Amino acid sequence: RLIPNLETWRPCDQVESAIAWQQAVERQDGPSALIFTRQNLAQMDRTSAQLDMVKRGAYVLKDCDGTPELIFIATGSEVELVVKAADVLSAEGKKVRVVSMPSTNRFDKQDAAYRESVLPAAVTKRVAIEAGIADFWYKYVGFEGRVVGMHGFGESAPADQLFKLFGFTVDNVVATAKEIL
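Nothing here was measured: the structure is a model prediction, and the numbers come from that model.

(A) Focus on the packing of aromatic side chains. Summed over all chains, the structure comprises 6 aromatic pairs. When the centroid spacing of 5.4 Å and the interplanar angle of 85° are considered together, the rings of phenylalanine 136 and tryptophan 137 count as edge-to-face. By the burial criterion, phenylalanine 136 is buried, and tryptophan 137 matches it. Counting every residue linked through ring pairs, the aromatic cluster contains Phe107, Tyr114, Phe136, Trp137 and Tyr140. Cation over ring: arginine 1 sits above phenylalanine 136, and NZ or CZ is 5.2 Å from the ring centre.

Written out as structure tokens, the structure is:
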């Protein structure tokens, strides 16, 4: 994501993967990188309007009635995790929006009105989740937001053990969200 003119895609399921592949093939002004996981991922339900917005780099995957109290932002395999965390918080009466952001580069190129429709400035309580470097995500969550991400390197174990170690669990994501709610 930090390499100039490289458009990076980290899709959350096979549908986002197909759209990312199409966007990479059709791109005429530079290279693209598609980053996939080894994990089995759940298929996300989407409307046709949402399918059309995937190519814009980020879109509202799951929304609440009215103005959200909290926005989860995730990419790749962590999207499924935040959907589950949003379900927990919604069951507790919280208004939660889930944004899938398969390409931060593409989202950043959208017009201000689209970016505002996905990440309204008035909603400052945000949590970003990615099994990658945490610092990158503060540009989307701000200083008041939280990031569940990597702060260390070099651990080796099966994925489920590492996810627990680094906090990529529904319980930890919910607890992190509750810190700012």
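(B) Layout of helix 1 (residues 14-26). Here helix 1 spans 18 Å end to end across 13 residues, near enough to the 18 Å set by a 1.5 Å rise per residue. Among the residues of helix 1, Glu16, Ser17, Ile19, Ala20 and Gln23 are the ones counted as buried. Summarising the axial view, the buried residues of helix 1 lie within an arc of 170°, below the 170-degree limit, and thus occupy one face. Exposed positions of helix 1 whose direction lies more than 90 degrees from the buried face are Trp21 and Val25. Contacts made by the buried residues of helix 1 are with strand 1 (7-9), strand 2 (32-34), helix 2 (48-54), strand 3 (59-62), strand 5 (96-100) and helix 4 (104-108).

(C) Quick peek at the state of the cysteines. Tallied over the full model, the rule gives 0 disulfides. Cysteine cysteine 12 shares no disulfide, and the gap to the nearest cysteine sulfur, in cysteine 64, comes to 19 Å. Note on cysteine 12: relative accessible area 3%, which makes it buried.

(D) Highlighting the packing of helix 3 (residues 78-91) against helix 8 (residues 170-180). One way to put it is that helix 3 packs onto helix 8 with a least axis distance of 9 Å and a crossing angle of 60°. With respect to helix 8, the element helix 3 is oriented oblique. Between helix 3 and helix 8 the crossing geometry is right-handed. Where helix 3 abuts helix 8, its residues Leu81, Lys84, Ala85, Val88 and Leu89 lie against Val170, Val173, Val174, Ala177 and Lys178. Taken together, the residues of the contact of helix 3 with helix 8 break down into 8 nonpolar, no polar and 2 charged.

(E) Fine view of the sheet that holds strand 5. One open sheet holds the 5 strands; their spatial order is 3-5-4-6-7, and the pairing between them is mixed. With one partner strand each, in any of the chains shown, strand 3 and strand 7 (146-150) form the two edges of the open sheet. Shown here is a sheet whose adjacent strand axes are inclined to one another by a mean of 25°, direction ignored. As paired strands, strand 4 (residues 70-74) and strand 6 (residues 126-133) are joined by 4 bridges and run parallel to one another. Residue pairing for strand 6: isoleucine 71 is matched across the bridge by arginine 126. Of the strands in this sheet, strand 3, strand 4, strand 5 and strand 6 touch helix 3, which is tilted by about 165° from strand 4.

(F) Broad picture of the nonpolar core. Formed by 45 residues in total, the largest nonpolar core has its most connected members in Phe72, Ile73, Leu119 and Ile129. The biggest single contributor to this core is helix 3, with 7 residues. Filtering out sequence-adjacent residues up to four positions away, phenylalanine 72 remains in contact with Val82, Ala85, Ala86, Leu89, Val96, Arg97, Val98, Val99, Val127, Ile129, Val173 and Ala177.

(G) Quick look at the environment of valine 25. Here valine 25 lies in helix 1. The class for valine 25 is exposed, based on a relative accessible area of 54%. The spatial distance from the C-alpha of valine 25 to the C-alpha of phenylalanine 163 is 33 Å, given a sequence separation of 138 residues.

(H) Quick peek at the side chain of glutamate 16. Along the chain, the position of glutamate 16 falls in helix 1. Those residues in contact with glutamate 16, other than ones at most four positions away along the chain, are Arg10, Pro11, Arg46, Val54, Tyr59, Ser100 and Pro102.

So, how was this worked out
Residues numbered from 1 in each chain as written. Predicted model: local features only at pLDDT ≥ 70, side-chain atom pairs only at ≥ 80, totals over all residues. Heavy atoms only, no water. Phe/Tyr/Trp six-rings, centres within 6.5 Å; stacked < 30°, edge-to-face > 60°. Buried < 20%, exposed > 50% of the residue type's maximum accessible area, 1.4 Å probe, protein only. Lys NZ or Arg CZ within 6 Å of the ring centre and 35° of its normal. Helix = DSSP H or I, 4+ residues; strand = E, 2+ residues; numbered from the N terminus. Expected span 1.5 Å × (residues − 1). Arc of directions from axis to C-beta. Contact = heavy atoms within 4.5 Å. Disulfide = S-S within 2.5 Å. Axes fitted to C-alpha atoms, helices over the stretch in contact; angles between N-to-C directions. Parallel < 35°, antiparallel > 145°, perpendicular 65-115°, else oblique. Left-handed = near helix turned anticlockwise from the far one by under 90°. Nonpolar A, V, L, I, M, F, W, Y, C, P; charged D, E, K, R; others polar. Pairing = 2+ DSSP bridges. Core = buried A, V, L, I, M, F, W, Y, C linked by side-chain atoms within 4.5 Å.

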